[in-house]
Amino acid sequence: MSDLKNRLEKYVTERRLIKRGDRLVLGLSGGADSICLLNILSDISKEWDLHVTAVHVHHGIRGEEADRDAAFARSAAEDRGVDFILRSVSVPKAAAENGLTIEEAARILRYSELDEIQRDISADRIVLAHHSDDQAETVLMNLFRGTGPDGLVGMRPESGNRIRPLLFATKAEIIQYLREEQIEYIEDSTNSDTDYTRNRIRNIWLPEIGRVFPDAANHIAAVAEDIGVWQTFIREKATEEYTFTDNRIPVTAYLRQTPAIRHEWLRKAVSAVVPGAKDVGRTHFKMIEELFTNPQTGRRISIPGECVARREYNYVIFEHKTYDARSKTEEYDIIELAVPGEAVMRSESGSVCYCAELVDFDKFNENKHSFFDEKDYTKFIYYGKIRYVLCLRYP
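Residues numbered from 1 in each chain as written. Predicted model: local features only at pLDDT ≥ 70, side-chain atom pairs only at ≥ 80, totals over all residues. Heavy atoms only, no water.

Focus: the sheet that holds strand β7 (residues 248-250)
For sheets, the rule is that strands pair by backbone hydrogen bonds, running either parallel or antiparallel. The strand order across the open sheet built from 4 strands is β7-β10-β9-β8, with neighbouring strands paired in antiparallel fashion. Edge positions in the sheet fall to β7 and β8 (300-303), since each has one partner strand and no second. Going across the sheet, the axis of each strand differs from the next one's by a mean of 15°, ignoring polarity. Where strand β9 (residues 307-312) and strand β10 (residues 315-320) come together, 6 bridges link them in antiparallel fashion. Paired with R310 across the bridge in β10 is I317. Here helix α12 (residues 259-273) sits on the sheet in contact with β7, β8, β9 and β10, set at roughly 30° to β10. (Pairing = 2+ DSSP bridges. Helix = DSSP H or I, 4+ residues; strand = E, 2+ residues; numbered from the N terminus. Axes fitted to C-alpha atoms, helices over the stretch in contact; angles between N-to-C directions. Contact = heavy atoms within 4.5 Å.)

Comments concerning the sheet that holds strand β1 (residues 23-27)
Strand order in the open sheet made by the 6 strands is β3-β2-β1-β4-β6-β5, with mixed pairing throughout. Where the open sheet ends on each side, the last strands, each with one partner, are β3 (83-88) and β5 (158-159). Docked against the sheet, helix α3 (residues 63-79) engages β2 (51-58) and β3, running at close to 170° with respect to β2.

Here's the deal with the packing of helix α2 (residues 32-48) against helix α8 (residues 171-180)
Two elements in contact, α2 and α8, have axes separated by 10 Å at closest approach and are oriented at 60°. In terms of their interaxial angle, α2 and α8 are classed as oblique. Seen along the crossing, α2 lies across α8 with a hand that is left-handed. Every residue of α8 that contacts α2 at A32, D33, I35, C36, N39, I40 and D43 is listed here: K171, I174, I175, Y177 and L178. A class-by-class count of the residues in the contact of α2 with α8 yields 8 nonpolar, 1 polar and 3 charged. (Parallel < 35°, antiparallel > 145°, perpendicular 65-115°, else oblique. Left-handed = near helix turned anticlockwise from the far one by under 90°. Nonpolar A, V, L, I, M, F, W, Y, C, P; charged D, E, K, R; others polar.)

Quick word on α8
Here α8 has its buried residues at I174, I175, Y177 and L178. An end-on view of α8 places all buried positions within 160° of arc, on one side of the element. Those residues of α8 that are exposed and angled more than 90 degrees off the buried face are A172 and R179. Q182 occupies a position one or two residues after α8 and carries a positive phi of about 55°. (Buried < 20%, exposed > 50% of the residue type's maximum accessible area, 1.4 Å probe, protein only. Arc of directions from axis to C-beta.)

Listed below in structure tokens is the structure:
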């Protein structure tokens, strides 16, 4: 018999994810994972004095199948005596307006609705049904994209107002629990669509890995949790040392720190000007680090999110480009142009934005007009000949 309920109670107790008397908002898709969590939470709600509200977000895609999912989720919640809220959003519209993939838009809107409901009903936590296989998928996807330590942590058991009480369990254990308890659930047909990167990892790559290393998903999830513990320690130590403000890091203080503390200082500074720092990767951090070792005042790095990092005497300063307009950048001798990236040169007469892109050499030779129009302000440079960095210099 599955002991999933007892293990969940032990997991949330050890990590203090749920307290007696908590009001919880549960994201309920109707799939195996969220239905499992719905049933366990409703089973322990009387003993723990919990109040659970299940929320289903209708994404406005998949037509009749999505309507079926919403009806099933409502019925499942009502059968367990759990309050139910249905919210409807238009994922295709949000994706088109914001230049997002359907997956990204759905996740953003779903979390936004859950956050709003949590505030409306004064709930303590939002409960999500991610499990260890989801964790393994997330870590691998981040790793393949070129992540740093943050990406290798994957999903945390507790992240702000969100908790994941099933992060210890495998998908197979969840399915076994539902079968033993004779509990029905539904399948989202898009989960088998391997056009989505996560689904390829889930349905093709992880099963292949599992044939060679049967417990691979659990091992990946366990390592992610270990890295999370180390990261928490490093962040606490970095906070003890990080006593400066205004997003100005003193160069001498920075160079005295260990590499781990240095990275955390940079992460804190970047996050202060680029909320979430979603598109700030390893390459950007490497370039920022060079500002501390090159003493030339005025050198700068463009950071995704319309931000810059610049060296000013014994400080490296992080700021948004709108703020940067207040500084007299025409006094600086050199501005570094990231490749790929962009940099802005400002003067009393206005601003000029310079953009750099990488162009495939063979395709460029075949037909350069497919990349750029012939214009005076378009220049081509052989990237292999650039020994250090590409810079812009004021006249």
